[in-house]
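Descriptive analysis of the structure
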Amino acid sequence: MKKILIIIGIFLLIGCTNTNINTLTLEEIIDNQIKEENKLNNTNNKGFKYYLPTEFSVKKDADYVQELISHNDTYYMNVDIVSYYYKNKIQSEPKLDDYEYFTFNNNDNYGYLRITKNNDNFFVELCYNYAIIEVEVEESELRYAVSRSISILNSIKYNDLVIEKYINDNNLETSETIYKIPEPKNKNEGKNILEYIEEYEYKDE
């Protein structure tokens, strides 16, 4: 009987969560997530760990660049431990082609959400907690993508000792980054950043 009640409770909780997400604005989704202290983690890496939702899987692990899969969409997460170590504030400004753009913060932790429309899809660029997630999704997946992405970014916990050793061993300075996600040389070519990432990986192979 107890097991049945627990299962019913889980389904009710999931149902309430989905309903809330569908009725909230993107700003409200982010605001609710960053105010929650997430102590859970199930994915460890070099100098950081985070919680990966059950509906996600890791497609590729390249230390500070992670490729995550959910609902057949690829999420690119870039963790910038150099900016974290030196506490560099990420600079961002709105652009003319933004479908939606806003900044947010929790205490001293700054972030921004930028969404651009690409034909029938939406390119999401979400930055928070010294990391960024980028994904291209259909409109029906927009709230889901933002909700899960901010949940992952908010859950990241850094290991100061490991990061300090890595930065010192590799002589990394404040102006350097561990990885740079490739960007188009001419940003007016009509391609979004994910298309350039795929081309970049294909050339490497």
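First, a word on scope: everything that follows refers to the structure included in this document. Since the model is a prediction, treat every value here as computed from it, not as a measurement. (Residues numbered from 1 in each chain as written. Predicted model: local features only at pLDDT ≥ 70, side-chain atom pairs only at ≥ 80, totals over all residues. Heavy atoms only, no water.)

With respect to the helices, strands and loops of the structure, His-71 is situated in the loop between strand E4 (65-70) and strand E5 (73-79). Accessibility expressed as a relative area gives 44% for His-71, which makes it partly exposed. Here the alpha-carbon distance between His-71 and Glu-55, two residues 16 residues apart in the chain, equals 7.9 Å. The residues touching His-71, leaving out its near neighbours within four places in the chain, are Glu-141 and Tyr-144. Reaching out from His-71, the side chain makes a polar contact with the side chain of Glu-141 at a distance of 2.8 Å. (Helix = DSSP H or I, 4+ residues; strand = E, 2+ residues; numbered from the N terminus. Buried < 20%, exposed > 50% of the residue type's maximum accessible area, 1.4 Å probe, protein only. Contact = heavy atoms within 4.5 Å. Polar contact = N/O pair within 3.5 Å; in protein donor to acceptor, adjacent residues only side chain to side chain.)

Quick look at the pattern of salt bridges now. For the coordinates displayed, the defined rule picks out 6 salt bridges. The partner of Asp-98 in a salt bridge is Arg-114, and the shortest N-O contact between them spans 3.0 Å. Residue Asp-98 is found in strand E6 (residues 98-106), and its partner Arg-114 is found in strand E7 (residues 109-118); the two are separated by 16 residues along the sequence. For the residue pair Asp-98 and Arg-114, the accessibility class agrees, reading buried in each case. Here Arg-114 ties to Glu-125 by a salt bridge, and the two come within 3.8 Å at their closest N and O atoms. On the criterion of sequence distance, the pair formed by Arg-114 in strand E7 and Glu-125 in strand E8 (residues 121-128) is long-range, its members being 11 residues apart. Residues Arg-114 and Glu-125 agree in their burial class; the two are buried. (Salt bridge = Lys/Arg side-chain N within 4 Å of Asp/Glu carboxyl O.)

Next up on the list: the side chain of Asp-80. One can find Asp-80 in the loop between E5 and helix H3 (81-86). A distance of 3.3 Å separates the side chain of Asp-80 from the backbone nitrogen of Val-82, its partner in a polar contact.

Turning our eyes to something else, we now look at the packing of aromatic side chains. All chains considered together, the criterion is met by 12 aromatic pairs. On the numbers, 5.7 Å between centres and 70 degrees between planes, the contact of Tyr-64 with Tyr-166 is edge-to-face. Placement of the pair is Tyr-64 in the loop between strand E3 (57-62) and E4 and Tyr-166 in helix H5 (residues 160-169), with a sequence separation of 102 residues. Looking at Tyr-64, the relative accessible area reads 1%, which means it is buried. (Phe/Tyr/Trp six-rings, centres within 6.5 Å; stacked < 30°, edge-to-face > 60°.)

All right, on to the pairing of E5 then. Taken residue by residue, a regular strand's side chains alternate between the two faces of the sheet. For E5, the buried fraction is high: 7 of the 7 residues fall into the buried class. Both faces of E5 are covered, namely the face carrying Asp-73, Tyr-75, Met-77 and Val-79 and the face carrying Thr-74, Tyr-76 and Asn-78. Bridging between E4 and E5 involves 6 bridges; their strand directions are antiparallel. What sits directly across from Val-65, in E5, is Asn-78. Between E4 and E5, which pair antiparallel and follow one another directly, the connecting turn spans 2 residues, one of which, His-71, has a positive phi of 55 degrees. Relative to strand E9 (residues 131-138), E5 runs antiparallel, the two being bridged by 4 bridges. Note that in E9 the partner of Met-77 across the bridge is Ile-133. (Pairing = 2+ DSSP bridges.)

Moving on: the sheet that holds strand E1 (residues 43-45). In sheet architecture, strand pairing relies on hydrogen bonds along the backbone and comes in two forms, parallel and antiparallel. Strand order in the open sheet formed by 3 strands is E1-E2-E10, with antiparallel pairing between adjacent strands. Two strands in the sheet have a free side with no partner beyond their single neighbour: E1 and strand E10 (157-158). Here strand E2 (residues 48-50) runs beside E10; their pairing, made up of 2 bridges, is antiparallel. The partner of Lys-49 across the bridge, within E10, is Lys-157.

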